[in-house]
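These are the residues of each chain, in order.
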Amino acid sequence: MNLVFDFGVVLFNWQPAQLVASTFPELTPTAEEARHLAHAIFGHEDWHSFDRGTVEIDDVVQRTSLRLNLPHAPLHGLVSHIGERLTPVEETVSVLNRLTHRRSQQDDLRLYFLSNMPMPYARVLEQRHAFLKNFDGGIFSGDVKLIKPDPAIYELLESRYVLDPGRTLFIDDLKSNVEAAKKRGWQGIHFESTAQMESDLKSYDF
């Protein structure tokens, strides 16, 4: 069985509204305004292009600053240091460690990742978090110029690691990404919490 993990929210804490509120407190006096500004920054095609690796960090900052009339310096500081601020979800890492131990006793279990992650952040995570070495392989979107839920990125993971879609289970916090995997014949778990994920994994004998 192949288990494929997303990173943001699933294995690493990703709280964009809190990041935006701490950077622009004068623009986000309420939680709702922080969520709105975070969506305007991180939900736009400019950011998706950064995820995809087709736009550099300075370009996405410049475009976003002009589009939203945000001061350039603090926005650049926010975007530049997100990689360092992505902290592990310890409960999910514990599950990954358990699965890593189980893999050592079970020949047909493999662990992979599939993450929408700009290249600068991917390199930071690789350097800072030794548990990533537990994976048998994976794909960061910025390295391959593709992002979820584009079917091509799922196909690339399949071909790169010779995955059988029917024996591949994908865990992601976004339903659209899980649904895209299911359309390829994968199985899927929509992640809402580590406890819920663990409960759902029991259905697959994990």
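Everything that follows concerns the structure shown earlier in this document.
All of these numbers come straight from a predicted model, not from anything done at the bench.

About the criteria used
Residues numbered from 1 in each chain as written. Predicted model: local features only at pLDDT ≥ 70, side-chain atom pairs only at ≥ 80, totals over all residues. Heavy atoms only, no water. Helix = DSSP H or I, 4+ residues; strand = E, 2+ residues; numbered from the N terminus. Buried < 20%, exposed > 50% of the residue type's maximum accessible area, 1.4 Å probe, protein only. Expected span 1.5 Å × (residues − 1). Contact = heavy atoms within 4.5 Å. Pairing = 2+ DSSP bridges. Axes fitted to C-alpha atoms, helices over the stretch in contact; angles between N-to-C directions.

Visitor: How do you make sense of the environment of G138 when you look at a structure like this?
Guide: You can see G138 is positioned in strand β3 (residues 137-140). Owing to a relative accessible area of 14%, G138 belongs among the buried residues under this scheme. Along the primary structure G138 and F113 are separated by 25 residues, whereas in three dimensions their C-alpha atoms are 4.4 Å apart.

Visitor: How should I be thinking about helix α2 (residues 31-42) in this particular structure?
Guide: Structural remark: α-helix, 3.6 residues per turn; residues separated by three or four positions point the same way. The terminal C-alpha atoms of α2, which comprises 12 residues, lie 16 Å apart, in line with the 16 Å expected from a rise of 1.5 Å per residue. On its buried face, α2 is in contact with α1 (16-23), α3 (45-52), α4 (57-68), α5 (72-80) and α6 (82-85).

Visitor: Looking at this model, I keep getting lost on the sheet that holds β3. Mind explaining?
Guide: The parallel open sheet is built from five strands, whose spatial order is β3-β2-β1-β4-β5. The open sheet has two edge strands with one neighbour each: β3 and β5 (187-190). Within this sheet the neighbouring strands show an average axis-to-axis angle of 15 degrees, counted without direction. Relative to strand β2 (residues 110-115), strand β1 (residues 2-5) runs parallel, the two sharing four bridges. Its bridge partner being in β2, L3 is matched across the sheet by L111. Across the face of the sheet, helix α12 (residues 194-201) comes into contact with β1, β4 (168-172) and β5 while running at roughly 150 degrees to β5.

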